[in-house]
Amino acid sequence: VELAAYLMEIMEIAWLTSEERNVLLMLALLPASKHRLEDICTLHWVEQEDEFENHLNQLVELGWVNDDSEGISMHSLISEILLAKLLPNPSIVNTYLASVGFNLDYNHHGVHQAFLAKWLPYAEKLIRHLPIEVERMFRIYGNAAMVLSGVHRLDRALELISELESHLEANHPGHHNM
């Protein structure tokens, strides 16, 4: 706890541009692994990839982000601190939530669940770190559970459904059990 408090204090982001802070937030929302630029742009529905890449390169130069031949990444501790410091921008978060839900939706893509499984880590990070409205939560949890069952991970699919039920009971008592 003391280390996290110390790091929160020394990680000053006020001098970054608002665009750079937005890119940091976009990256902090991703799971702690290497990501292709194309996947990041797909998940965040980035329209101006060149501009996004310029901000990303600036953050790499400043040491906030790693970019090597394997992909783009951010240390998980930096990610957690940034999520706390940046108090997620609702516009970015809502776009990301919609995108993850869409990318996991078999009905929109008509492809095998194994193809959609690459988006599961993104959904799992969202589920654990962000407050999600009930309707969107049903979509993300439901789509993730469908994909998991399609790739023969029924145990994890059942865990997700159980997590959803527990969350609803604790935070949304007006909603009926599934």
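Parameters at a glance
- Residues numbered from 1 in each chain as written.
- Predicted model: local features only at pLDDT ≥ 70, side-chain atom pairs only at ≥ 80, totals over all residues.
- Heavy atoms only, no water.
- 1 Å grid on protein atoms, 1.4 Å probe; cavity = no way out; pocket = protein on both sides within 12 Å on 5 of 7 lines; lining within 4 Å.
- Points joined across faces, edges and corners; volume = space filled by probe spheres on them.
- Helix = DSSP H or I, 4+ residues; strand = E, 2+ residues; numbered from the N terminus.
- Nonpolar A, V, L, I, M, F, W, Y, C, P; charged D, E, K, R; others polar.
- pLDDT = per-residue confidence, 0-100.
- Core = buried A, V, L, I, M, F, W, Y, C linked by side-chain atoms within 4.5 Å.
- Buried < 20%, exposed > 50% of the residue type's maximum accessible area, 1.4 Å probe, protein only.
- Contact = heavy atoms within 4.5 Å.
- Axes fitted to C-alpha atoms, helices over the stretch in contact; angles between N-to-C directions.
- Parallel < 35°, antiparallel > 145°, perpendicular 65-115°, else oblique.
- Left-handed = near helix turned anticlockwise from the far one by under 90°.
- Salt bridge = Lys/Arg side-chain N within 4 Å of Asp/Glu carboxyl O.

Undergrad: How should the layout of surface pockets be read in this particular structure?
TA: It is a probe the size of a water molecule, rolled over the atoms, that shows where empty space is left. What the largest pocket holds in volume is close to 360 Å³. Surrounding the largest pocket, 15 residues form its lining, Met-26, His-44, Val-46, Glu-47 and Phe-52 being those nearest its centre. Of all the elements, helix 2 (residues 18-28) adds the most residues to the lining of the largest pocket, at four residues.

Undergrad: Looking at this structure, how should I read empty space enclosed by the protein?
TA: Taken as a whole, this structure holds one cavity of 30 Å³ or more when the rule is applied. Its boundaries defined by the atoms lining it, the largest cavity holds a volume of some 50 Å³. In terms of lining residues, the largest cavity is bounded by Leu-27, Leu-30, Pro-31, Ala-32, Ser-33, His-35, Ile-72, Ser-73 and Met-74. Here the residues of the lining of the largest cavity are counted per class, giving six nonpolar, three polar and no charged.

Undergrad: Is there a simple way to think about the confidence of the model for the protein chain in this case?
TA: Looking at the protein chain as a whole, the pLDDT averages 77, with 76% of positions reaching at least 70. The element-level mean pLDDT for the protein chain is lowest in helix 7 (residues 106-109), coming to 58, with strand 2 (residues 71-73) highest at 93.

Undergrad: Help me out: how do you make sense of the nonpolar core in this one?
TA: Nonpolar side chains in soluble globular proteins tend to end up buried together. Counting residues in each nonpolar core, the largest one holds 46 residues, and the members touching the most others are Leu-27 and Val-65. At the level of secondary structure, the elements contributing two or more residues to this core comprise helix 2, helix 3 (37-43), helix 4 (49-62), helix 5 (76-85), helix 6 (90-103), helix 9 (120-129), helix 10 (134-150) and helix 11 (154-171). Broken down by element, this core gets its largest block of residues, seven residues, from helix 10. For Leu-27, the residues in contact, after removing those within four places along its chain, are Ile-40, Leu-56, Val-65, Ile-72 and Met-74.

Undergrad: Looking at this structure, how should I read the packing of helix 2 against helix 5?
TA: Each pair of packed helices can be summarised by the angle the axes make with each other and by the distance between the axes. One way to put it is that helix 2 packs onto helix 5 with a least axis distance of 9 Å and a crossing angle of 120 degrees. In this view, helix 2 runs oblique relative to helix 5, as classed from their interaxial angle. Handedness of the helix 2/helix 5 crossing: left-handed. Here Leu-24, Leu-25 and Ala-28 of helix 2 lie close against helix 5, whose contacting residues are Ser-79, Leu-82 and Leu-83. When its residues are assigned to classes, the contact of helix 2 with helix 5 shows five nonpolar, one polar and no charged.

Undergrad: I keep staring at the packing of helix 2 against helix 4 and nothing clicks. Help me out?
TA: Between helix 2 and helix 4, whose axes approach to 9 Å, the crossing angle comes to 85 degrees. Judged on the interaxial angle alone, helix 4 and helix 2 are roughly perpendicular. Of helix 4, the residues touching helix 2 (which contributes Glu-19, Glu-20, Val-23, Leu-24, Met-26 and Leu-27) are Phe-52, His-55, Leu-56, Gln-58 and Leu-59. Here the residues of the contact of helix 2 with helix 4 sort into seven nonpolar, two polar and two charged.

Undergrad: How should I be thinking about the pattern of salt bridges in this particular structure?
TA: A pair can form between side chains of opposite charge whenever their charged atoms are brought close. By the definition in use, this model includes three salt bridges. The salt bridge involving Asp-68 is made with Lys-34; its shortest N-O contact spans 2.6 Å. Highlighted residues: Asp-68 in strand 1 (residues 66-68) and Lys-34 in the loop between helix 2 and helix 3, separated in sequence by 34 residues. When its relative accessible area of 35% is taken as the criterion, Lys-34 is described as partly exposed. Within the structure, one salt-bridge network assembled from shared partners comprises Arg-36, Glu-38 and Asp-39.

Undergrad: Could you clarify how one ought to interpret the environment of Leu-154 in this entry?
TA: Relative to the assigned elements, Leu-154 resides in helix 11. A relative accessible area of 52% means that Leu-154 is categorised as exposed. Ignoring any residue separated from it by four or fewer positions in sequence, one finds Leu-154 in contact with Leu-148 and Ser-149.

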